[in-house]
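Structure assessment
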Amino acid sequence: MQLKNDLFLRAARGEKTERTPVWLMRQAGRILPEYRAVRASLSGFKELVETPEFAAEVTIQPVDLLGVDAAIIFSDILVVPEAMGLTYEMVESRGPIFPKTVKTEKDIDQLLVADPEEHLGYVLDAIKITKKALNGRVPLIGFAGAPFTILAYMIEGSGSKTFSQARKMLYTEPAMAHKLLQKITNTTIAYLQAQVTAGANLIQIFDSWAGILPPAHYQEFSYKYIKQICDALPDVPVTVFAKGAFFALEDFGKLNCSVIGLDWNMNIAESRKLVGPNKTLQGNLDPCALYSDFATIRKETKKMLEAFGPDRHIANLGHGVYPDTNPDHVRCYIDAVKEFSAQMR
Ligand SMILES: Cc1c2[nH]c(c1CCC(=O)O)Cc1[nH]c(c(CCC(=O)O)c1C)Cc1[nH]c(c(CCC(=O)O)c1C)Cc1[nH]c(c(C)c1CCC(=O)O)C2
């Protein structure tokens, strides 16, 4: 179907646009009262993720309520370890917990390379329902976690400041780590290809814990697998967002992908030099800037847009929007991107 608003896809491909497209990581979620209302009517986060009609509804809310230029399918990166055999629980105000973790080689052998239709059909159904309901208004982003970030949760069993158990494995059991990473990668490739078949217009890979690795480990245990994923998705634009991996930007410039996400620590001009001219950059306002008053949000937004320039940029935050952000401040950011970026042309 012909998209009515294809700014985001055109910018991803490096084409000129009338203004800079904008969306927010974690836009489908806790900042909107309308999301919390749907969530409160259900038993919890997992029921929402696993019920395609509800997942589609909250995916579309930010398009209607915030005016973003793309929707991102409501799901979680943790559905992949679950499909492979490690179920997760989402504990209110604590985050995810895995009752069973990976400790031995036998644990890895017992994990499945999941079949997307059989084990993740609810996400594919949510994508199909969302596409129909969006009716071409904006493109739909599919996503998965990068293999290293998924490994980190599988080993650690929860979030962590240091992920020291996961990092320890890279030193003490590197062959085991590679075996697990390859299994996660194989599952992720099949899953992302199925998302594209179901209707996702672009794929984003979230390497949320990239920044905890030393550069050499990043090359060996993360980049290598992200490269396999990019190479397996030749027909769709791919965004790689590796939080904290400033040391890998030059290598990201060589990936077979269209967009590189920047977090708010990354210097925009230096990142452009490292990545090179052939990728679109996405980001990177500090999510905390949205706690300030409207005048400050507008000023910071203008500064960010000027640093990126009008071409090959998709506006976003430097990480997911924080849950206690006032939606009116999010709208101020989105409107400011639209206004200033049109004037810059
Ligand atoms: C690391 C990570 C996870 N999940 C995700 C990442 C990568 C992005 C990032 O780095 O922020 C990705 C994710 N999680 C969610 C989305 C939905 C789409 C979107 O709006 O971007 C996406 C893209 C929904 C969610 N995933 C989660 C919520 C909040 C739970 C709720 O509504 O009760 C939502 C809306 C829960 C979740 N899920 C995860 C954690 C650590 C938590 C708890 C902390 C938190 O709330 O952020 C794992």
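Residues numbered from 1 in each chain as written. Predicted model: local features only at pLDDT ≥ 70, side-chain atom pairs only at ≥ 80, totals over all residues. Heavy atoms only, no water.

A separate point is the UniProt feature "binding site: substrate" (unreviewed entry) in the protein. The UniProt feature table records "binding site: substrate" (unreviewed entry) at Arg26, Gln27, Ala28, Gly29, Arg30, Asp76, Tyr153, Ser208 and His319. Spatial dispersion of the annotated residues is evident: they stretch over 294 residues in sequence, and the largest pairwise C-alpha distance comes to 22.6 Å. Mapped onto the secondary structure, Arg30 falls in the loop between helix H1 (7-13) and helix H2 (33-40). Judged by its relative accessible area of 34%, Arg30 is partly exposed. Within the element layout of this structure, His319 appears in the loop between strand E9 (313-317) and helix H16 (327-343). You can call His319 partly exposed: its relative accessible area is 26%. (UniProt positions renumbered as here; feature names shortened; annotations may be inferred. Helix = DSSP H or I, 4+ residues; strand = E, 2+ residues; numbered from the N terminus. Buried < 20%, exposed > 50% of the residue type's maximum accessible area, 1.4 Å probe, protein only.)

Next up on the list: the nonpolar core. The biggest cluster of nonpolar side chains holds 128 residues, and the ones touching the most others in it are Leu151, Tyr218, Val240, Phe252 and Tyr333. No other element matches helix H11 (residues 174-198), which puts 10 residues into this core. For Val240, the residues in contact, after removing those within four places along its chain, are Ile205, Ile226, Cys230, Phe252, Leu255, Cys257, Val259, Ile260 and Gly261. (Core = buried A, V, L, I, M, F, W, Y, C linked by side-chain atoms within 4.5 Å. Contact = heavy atoms within 4.5 Å.)

On to the side chain of Ser158, then. Structurally, Ser158 can be placed in the loop between helix H9 (147-156) and helix H10 (164-172). Sequence-distant contacts of Ser158, that is, excluding residues within four places in its chain, are made with Pro96, Ile97, Tyr153 and Phe163.

Further remarks concern the sheet that holds strand E7 (residues 259-261). Across a sheet, paired strands are connected by hydrogen bonds in the backbone, their directions being either parallel or antiparallel. Strands sit in the order E1-E4-E5-E6-E7-E8-E9 across an open sheet of seven strands; the sheet is parallel. Two strands bound the open sheet, and with one partner strand each, they are strand E1 (71-72) and E9. Bridge count for strand E8 (residues 280-285) against E9 is five bridges, and the pairing is parallel. Directly across from Leu285, in E9, lies its bridge partner Leu317. (Pairing = 2+ DSSP bridges.)

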